[in-house]
Amino acid sequence: MNAVPASSSPAVALPAWGSVLVVVAHPDDESFALGALLDRFVAQGAEVSVLCLTRGEASTLGADVGDLAAVRTRELEAAGAELGIRAVRLLSFPDGGLAGLDPDVLRAAVSAELDRARPDGVLVMDPVDGVTGHPDHEAASRAALAVAASRGVPVLGWALPAEVARTLNTELGASFAGHPAEDLVAVAVDRAGQRRAVACHASQAVPGSVLWRRLELLGDHEHVRHLSPQPMTRTTDRPQETP
């Protein structure tokens, strides 16, 4: 199976937010999952900040590199620079344990970052199974969505078309959750910056990873759901780059 065609809906421009807060669970989520969208926001002139809730110390990949939390911290910083991210804040909640924490603890952390960043909008991984089926992803996204909703801040969720999710799950035994094409909007992206950021996560971007097949299937489009009421501007062409 090659790249999945974009949604039948016209391509959309991302919101014209001047500042964006990204909330993720692990170092590499900002690149593997959201990298092309972050690159798109930066190209539109937005200032992007990332809040990462864990240091990724529980990964089974890269266990031979020594202090994995320290290695992944450096990888995140390098990837952020490649994507043009203004600020990265890395917290130390337990990797693999976010879903077991009191949700109010996570919400307090997100709320504090929202106070610092004062974003026009928030970007997360879709809260339905966190897209990947990882409980940490779902917990991080639900905390961000709850805080943003309480502040009236709009939220976009990165999501996968159901066809892509089914293919990944069948071919690779993954646990992705997808959405019908009619429930998603397609965003045209350039993956060059994302691929440079992915390369910074050398401990995790290993050959044979499901990541590479996902990027192949998605081609030059990502898909999002608007998780709070603010319409996106429909276009028939790719949004123009901001000089």
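None of these values were measured; they are calculated from a predicted model. (Residues numbered from 1 in each chain as written. Predicted model: local features only at pLDDT ≥ 70, side-chain atom pairs only at ≥ 80, totals over all residues. Heavy atoms only, no water.)

### Side note on the packing of aromatic side chains
Rules: Between 30 and 60 degrees the pair is tilted, below 30 it is stacked and above 60 it is edge-to-face, where a pair is any two Phe, Tyr or Trp rings, Trp via its six-membered ring, whose centres lie within 6.5 Å. Starting at the N terminus, helices and strands are each numbered in turn, a helix being any DSSP run of H or I of at least four residues and a strand any DSSP run of E of at least two. Burial status follows relative accessibility: with a 1.4 Å probe on protein chains alone, a residue under 20% of its type maximum counts as buried, one over 50% as exposed, and anything between as partly exposed.
Under the defined criterion, the tally for this structure stands at one aromatic pair. Centre to centre, the rings of W17 and F41 are 5.5 Å apart; their planes meet at 10°, and the pair counts as stacked. Here the residue W17 occupies a position in the segment before β1 (19-24), and F41 occupies one in helix α2 (residues 35-43), the gap between them amounting to 24 residues. In this structure, W17 and F41 share a single accessibility class: buried.

### Digging into the nonpolar core
A general tendency of soluble globular proteins is for nonpolar side chains to be buried together. Using the following cut-off: Buried residues of nine kinds, namely Ala, Val, Leu, Ile, Met, Phe, Trp, Tyr and Cys, make up a nonpolar core once their side-chain atoms join them within 4.5 Å. Working rule for contacts: check all heavy atoms of both residues, and any pair within 4.5 Å makes them a contact.
V22, L34, F41 and L123 are the most contacted members of the largest nonpolar core, which has 38 residues in total. The contact partners of V22, leaving out residues within four places of it in the chain, are L34, L38, V48, S49, V50, L51 and L123. Membership of the second largest hydrophobic core comes to 21 residues, among which are L51, L98, V124 and V153.

### Brief notes about helix α5 (residues 135-151)
How we decide: What a helix should span is 1.5 Å times the count of its residues minus one.
For α5, spanning 17 residues, the distance from its first C-alpha to its last is 25 Å, which sits close to the expected 24 Å at 1.5 Å a residue. The complete set of buried residues in α5 reads D136, H137, A139, A140, S141, A143, A144, V147 and A148. Each element contacted by the buried residues of α5 is listed here: β1, α1 (29-33), β2 (47-54), α4 (103-117), β4 (121-125) and β5 (155-159). Phi turns positive one or two residues past the end of α5, at G152, with a value near 75°.

### Let's talk about the side chain of Q204
Our working rule: As used in this structure description, the phrase polar contact means that two N or O atoms lie within 3.5 Å; if the pair is within protein, one of them must be able to donate a hydrogen and the other to accept it, and residues adjacent in sequence are counted only when both atoms belong to side chains.
For Q204, the location among the structural elements is in the loop between α7 (192-200) and α8 (210-218). Of note is the side chain of Q204, whose polar atom sits 2.9 Å from the side chain of S203.

### Overview of the confidence of the model for the chain
The predicted coordinates of low-pLDDT regions are not to be read in fine detail. Rules: A residue's pLDDT is simply how confident the predictor is in it, with values from 0 to 100.
For the chain, per-residue confidence averages 89 on the pLDDT scale, and residues scoring 70 or more make up 88% of the total. For the stretch residues 5-9, pLDDT sits under 50, and the model shows nine contacts to residues farther than four places along the chain or on other chains. Predicted confidence is poor over residues 230-243, with pLDDT under 50, and the contacts of this stretch with residues over four places away or in other chains come to 37 contacts.

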